[in-house]
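# Structural description and commentary
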Amino acid sequence: MQLARQLLKARISAPGAALKPSCLRPTTIRTATPTASPRLYSTKPKEPLHKSKSNFPVVPLVAIFLAGSGAFAYMVNQRKELEQKVKAAKEAESIKQVVKPTPFFNPKEVTVLYVLGGPGAGKGTQCANLVRDFGFVHLSAGDLLRAEQERPGSQFGELIKTYIREGKIVPMEVTVALLQNAMKASLEARKPADHPPRFLIDGFPRQVDQAIKFEEEVCPCKFVVFFDCPEDVMEARLLNRGKTSGRSDDNIESIKKRFKTFVNTSMPVIDMFAKDGKVLSVNAAAPVETVYSTVKSEVARLLKEKEGK
Ligand SMILES: Nc1ncnc2c1ncn2[C@@H]1O[C@H](COP(=O)(O)OP(=O)(O)OP(=O)(O)O)[C@@H](O)[C@H]1O
Ligand SMILES: O=c1ccn([C@@H]2O[C@H](COP(=O)(O)O)[C@@H](O)[C@H]2O)c(=O)[nH]1
C-alpha cells in the first residue's frame, strides 16, 4: 500500500514521467533559486492523515485487500473441511468392510437356489417337480406378496396390489422380510429327521439391489436356475393361465409391463450371477417334461458339487 502511494505521488508530482522510460524523460534543470527546493517546514498545521485530500482510492483498495484475504481464508478453510470429510468417508468405508453383515442363515447349513425367468416361463411348474424329487421348500416371492396383500390389517396391502398390477417391483424391504420370515418359520417347524434344509426362492431376486441385500443379510445362494423363454411363448401361456388364475396381472396390459420390468430390471440380476459362473440356464420353451429332465439331472449334479454330499 505504502509502495502504491509513493508511486502515485510520484506520478502526480511529475505528470507523464512515470509512464516513460527514464531515458525519454526531459532532463531536470536544477536552479539555485531557494523556492525551487522542496519546503520541509511550514507554519501551516499539518493535515491529519485520514483527511488526505489525495485522489488515491484508499477505500476500494482496502476493500479489495480485505475481500481477497477473506476469500483466501475461506478457501483454506474449505480445503481443510474437504480433507476432513474425505478422511471420515475413508474411515467409514473401512469400518463397513470390517463389519459386513453376517447372513442370518449359515450357507453351510442351508441350501438356497434362486429360480428366475420371465413371467410365465414355467418357474412355478418346475419348482413343484423339484420339491417332489429333492425335498426343497418352495417359497414364491409373488405368492408371499399376494398373501401379504390379502392379510387383514397389512399396512402394505394397497401398495402391493398397485405394484403387482403395474408389474413393478415391490420395495425390497417388504419382500426380503417376507422371505426371511418364511424361511425361519420353515426351519423352526422342521423335525430333526427331515432332509437338510433346502429352499427354492422362486421369482426372487428381481433387482440387483435385492440380490445383494439377500445375499449379505439372509443367505447367499448356491446357484441360480434360469428358465429362458421367448416372450411370445410366455405371453401365450400367461393369457391362457389368466382364464382361470384370477390374478390381477394375467391380462395383456399388465403382461407387457411385466416383460418390460423383467428385461430392464431383472435380467441384470441373471447377468450378475452369470459372471460368477452361478447360473444354470435351461431352455424353457420346450414341453414341461423335456424341461424337467434337463433341470433334474443338472440340479442333482450341482447339488452334489455345492453341498458336498
Ligand atoms: N413347458 C411348458 N409348456 C407349456 N406350458 C407351460 C410350461 N411350463 C408352464 N406352463 C404353463 O404356463 C403357465 C405359466 O407357468 P408358471 O405359472 O409355472 O410360470 P411362472 O414362471 O411361475 O409364472 P409367473 O412368474 O407369472 O408366476 C401355466 O399355466 C403353466 O401350466
Ligand atoms: O421379488 C418380487 C417378486 C414379485 N414381485 C411382484 O409380484 C408380481 C408377481 O410375481 P410372480 O413371480 O410372477 O408371481 C411381480 O410382477 C411383481 O410386481 C415383486 O415385486 N418382487
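In this text, all values refer to a predicted model and were calculated from it rather than measured experimentally.

Time to look at the confidence of the model for the protein. The predicted coordinates of low-pLDDT regions are not to be read in fine detail. Per-residue confidence for the protein averages 83 on the pLDDT scale, and 78% of its residues sit at or above 70. Long-range and interchain partners of residues 1-37, a stretch whose pLDDT sits below 50, account for 11 contacts in this model, where long-range means more than four residues apart. Here residues 39-43 is modelled with pLDDT under 50, and outside its nearest four sequence neighbours on either side it reaches 0 contacts, counting other chains as well. Across the assembled chains, the prediction reports ipTM 0.99 with pTM 0.74.

Surveying the vicinity of ligand 2 reveals 17 residues, the closest of which are Arg146, Lys168, Val170, Arg206 and Arg247. Between ligand 2 and Arg146, the relevant distance is 2.9 Å, taken from an oxygen atom to a side-chain nitrogen or oxygen of the residue. One nitrogen or oxygen atom from the main chain of Lys168 is found 2.6 Å from an oxygen atom belonging to ligand 2. Elements with a minimum of two residues in the shell around ligand 2: α4 (141-150) and α5 (157-166). With 4 residues, the single largest contributor to the shell around ligand 2 is α4. The residue inventory of the shell around ligand 2, partitioned by class, reads 7 nonpolar, 4 polar and 6 charged.

Considering the arrangement of structural elements, one finds Lys278 in the loop between α9 (252-275) and β5 (279-283). For the buried Lys278, no salt bridge exists, and the shortest N-O distance to an oppositely charged side chain is 4.2 Å, to Glu215. Engagement of the side chain of Lys278 in a polar contact is seen with the backbone oxygen of Cys221, the distance being 3.0 Å. Sequence-distant contacts of Lys278, that is, excluding residues within four places in its chain, are made with Glu215, Cys221, Lys222, Phe223, Val224 and Phe273.

It is worth spelling out the UniProt feature "binding site: ATP" (unreviewed entry) in the protein at this point. When the UniProt feature table is mapped onto this chain numbering, "binding site: ATP" (unreviewed entry) sits at Gly120, Ala121, Gly122, Lys123, Gly124, Thr125, Arg241 and Ala286. As for its position among the elements, Gly120 is in the loop between β1 (111-117) and α3 (123-134). Residue Gly120 is classed as buried on the basis of its relative accessible area of 16%. In this structure Gly120 touches Met234, Arg237 and Leu238, once residues within four positions along its chain are discounted. The residue Arg241 is located in helix α8 (residues 231-245) in this model. Excluding residues that lie within four positions of it along the chain, Arg241 makes contacts with Arg247, Asp250 and Arg258.

Along β1, 7 of the 7 residues are buried, which leaves the element largely enclosed by surrounding structure. Neither face of β1 is exposed, since Thr111, Leu113, Val115 and Gly117 on one face and Val112, Tyr114 and Leu116 on the opposite face are all buried. Of the pairings in the sheet, the one linking β1 to strand β3 (residues 198-202) comprises 5 bridges and is parallel in character. Bridge pairing in β3 links Tyr114 to Ile201. Bridge analysis of β1 against strand β4 (residues 223-228) gives 5 bridges, and the strand direction is parallel. Looking at β4, one finds that Tyr114 is bridged to Val224.

So, about unusual backbone geometry. Cis geometry is found at the peptide bond from Phe204 to Pro205, where omega equals -5°. By secondary structure assignment, the location of Pro205 is in the loop between β3 and α7 (208-217).

There is a patch of nonpolar side chains on the surface, built from Val58, Val59, Val62, Phe65 and Leu66 and spanning about 470 Å² of accessible area. Here Val59 lies in helix α2 (residues 58-98). On the basis of relative accessible area, Val59 is assigned to the exposed category, the value being 65%.

In this section: the site of ligand 1. Ligand 1 sits among 17 residues. The nearest are Lys123, Thr125, Arg241, Arg258 and Ala286. A distance of 2.7 Å separates an oxygen atom of ligand 1 from a polar side-chain atom of Lys123. One of the side-chain nitrogen or oxygen atoms of Arg247 is found 3.2 Å away from an oxygen atom of ligand 1. Within the complex, 75% of the 630 Å² of free accessible area of ligand 1 lies under protein. Only α3 and α8 provide two or more residues apiece to the shell around ligand 1. Considering only residue class, the shell around ligand 1 consists of 7 nonpolar, 5 polar and 5 charged.

Attention shifts here to the sheet that holds strand β2 (residues 137-140). With parallel pairing, 5 strands are arranged side by side in an open sheet as β2-β3-β1-β4-β5. The open sheet has two edge strands with one neighbour each: β2 and β5. Mean inter-strand twist for the sheet, computed between neighbouring axes without regard to direction, equals 20°.

Further remarks concern α7. For an α-helix, 3.6 residues make a turn, and residues three or four places apart therefore share a direction. For α7, the set of buried residues is Gln210, Ala211, Lys213, Phe214 and Glu215. Buried residues along α7 sit against β1, α6 (172-188), β3 and α9.

Scoring rules and cut-offs
Residues numbered from 1 in each chain as written. Chains lettered and ligands numbered in written order. Predicted model: local features only at pLDDT ≥ 70, side-chain atom pairs only at ≥ 80, totals over all residues. Heavy atoms only, no water. pLDDT = per-residue confidence, 0-100. Contact = heavy atoms within 4.5 Å. Near = heavy atom within 4 Å. Polar contact = N/O pair within 3.5 Å; in protein donor to acceptor, adjacent residues only side chain to side chain. Helix = DSSP H or I, 4+ residues; strand = E, 2+ residues; numbered from the N terminus. Nonpolar A, V, L, I, M, F, W, Y, C, P; charged D, E, K, R; others polar. Buried < 20%, exposed > 50% of the residue type's maximum accessible area, 1.4 Å probe, protein only. Lys, Arg positive; Asp, Glu negative; His and termini not counted. Salt bridge = Lys/Arg side-chain N within 4 Å of Asp/Glu carboxyl O. UniProt positions renumbered as here; feature names shortened; annotations may be inferred. Pairing = 2+ DSSP bridges. Patch = residues over 30% accessible without salt bridge, like charges linked within 9 Å, V, L, I, M, F, W, Y side chains within 5 Å. Areas by Shrake-Rupley, 256 points an atom, 1.4 Å probe, with all protein chains shown as cover. Axes fitted to C-alpha atoms, helices over the stretch in contact; angles between N-to-C directions.

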